[in-house]
Amino acid sequence: RVHLWWAVLPPSPKILRGLYWCGYRDCARFFAQEPPKERSALDACRCRRPAPASADMSPSGHGHGNNDAHVGNEDTAASRWSAARALLKKEPPKSEAEWLPKLDPTTGESVAELVALAEAMADRQSAAFYWLGIAGVTFFVPVVMAALYAFLVSQ
């Protein structure tokens, strides 16, 4: 989980190294596990639907002009996964313990600790942002309601 404000106010380099290794872990997880082929209940909520069979798919500007017309197909995730996996130069490890190195080659620190620090920082900031939002709503809604009431009463 990466917060938008980290683009402007990035966390410490140690946390950034942890995010770096989280990306590697997530990529390894993606290649290690084939996506399910059956449709889930949430697939009905997708906003993209397949284009009609008669749609012109040429890049001339007529029709859709992109390859996203098949996003609604049941096997799209599996076929994309298979295509991406075919580009790999070697078979990814099956065991999660083999996905990441033990030590960061740049800093010499434990990769597991860096990942844990990054995830803990993201969780703390998510919780803080949540409570800040709750506090803001709790404070500002009554203030706005009181101001609106005062305005309506004075009319």
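Residues numbered from 1 in each chain as written. Predicted model: local features only at pLDDT ≥ 70, side-chain atom pairs only at ≥ 80, totals over all residues. Heavy atoms only, no water.

**Some details on the overall build of the chain**
Logical step 1: In terms of helices and strands, the chain carries 3 helices and 0 strands.
Logical step 2: Going residue by residue from the N terminus, the α and β elements of the chain occur as α-α-α.
Logical step 3: In the chain, which comprises 155 residues, the proportion classed as buried is 21%.
Logical step 4: Long-range pairs, those at least 24 residues apart, make up 60% of the contacts in the chain with a sequence separation of at least 6.
Logical step 5: Carbon and sulfur atoms make up 65% of the accessible area of the chain, which amounts to about 11600 Å² in all. (Helix = DSSP H or I, 4+ residues; strand = E, 2+ residues; numbered from the N terminus. Buried < 20%, exposed > 50% of the residue type's maximum accessible area, 1.4 Å probe, protein only. Contact = heavy atoms within 4.5 Å. Areas by Shrake-Rupley, 256 points an atom, 1.4 Å probe, with all protein chains shown as cover.)

**Considerations on the packing of helix H1 (residues 13-32) against helix H2 (residues 76-86)**
Logical step 1: Between H1 and H2, the least distance of the axes is 10 Å, while the angle of their chain directions is 110°. When the axis of H1 is compared with that of H2, the two are roughly perpendicular. Mapping the contact onto sequence places Phe-30, Phe-31 and Ala-32 in H1 and Trp-81, Ala-84 and Arg-85 in H2.
Logical step 2: Class assignment for the residues of the contact of H1 with H2 results in 5 nonpolar, no polar and 1 charged. (Axes fitted to C-alpha atoms, helices over the stretch in contact; angles between N-to-C directions. Parallel < 35°, antiparallel > 145°, perpendicular 65-115°, else oblique. Nonpolar A, V, L, I, M, F, W, Y, C, P; charged D, E, K, R; others polar.)

**Section: the pattern of salt bridges**
Logical step 1: According to the stated counting rule, one finds 6 salt bridges in the structure shown.
Logical step 2: In this structure, Arg-25 engages Glu-119 in a salt bridge whose closest nitrogen and oxygen atoms are separated by 2.7 Å. Residue Arg-25 is found in helix H1, and its partner Glu-119 is found in helix H3 (residues 111-154); the two are separated by 94 residues along the sequence.
Logical step 3: Look at Glu-119 and you get partly exposed, because its relative accessible area is 34%. (Salt bridge = Lys/Arg side-chain N within 4 Å of Asp/Glu carboxyl O.)

**Considering the confidence of the model for the chain**
Logical step 1: Averaged over every residue, the pLDDT of the chain is 76; the share at 70 or more is 74%.
Logical step 2: No element of the chain has a lower mean pLDDT than H2, at 83, and none a higher one than H1, at 89.
Logical step 3: For residues 54-71, every residue scores under 50 in pLDDT, and the model assigns this stretch 24 contacts once sequence neighbours within four places are set aside. (pLDDT = per-residue confidence, 0-100.)

**Digging into the nonpolar core**
Logical step 1: In terms of nonpolar packing, the biggest core is built from 9 residues, these being Trp-21, Cys-22, Ala-28, Ala-32, Trp-99, Leu-100, Val-111, Leu-114 and Val-115.
Logical step 2: Elements supplying a minimum of two residues to this core: H1 and H3.
Logical step 3: The element that contributes the greatest number of residues to this core is H1, accounting for 4 residues.
Logical step 4: If we ignore the near neighbours within four places in the chain, the residues touching Val-115 are Gly-18, Trp-21, Cys-22, Arg-25 and Leu-100.
Logical step 5: Counting residues in each nonpolar core, the second largest holds 6 residues, with Trp-6, Ile-15, Leu-19 and Ala-118 among its members. (Core = buried A, V, L, I, M, F, W, Y, C linked by side-chain atoms within 4.5 Å.)

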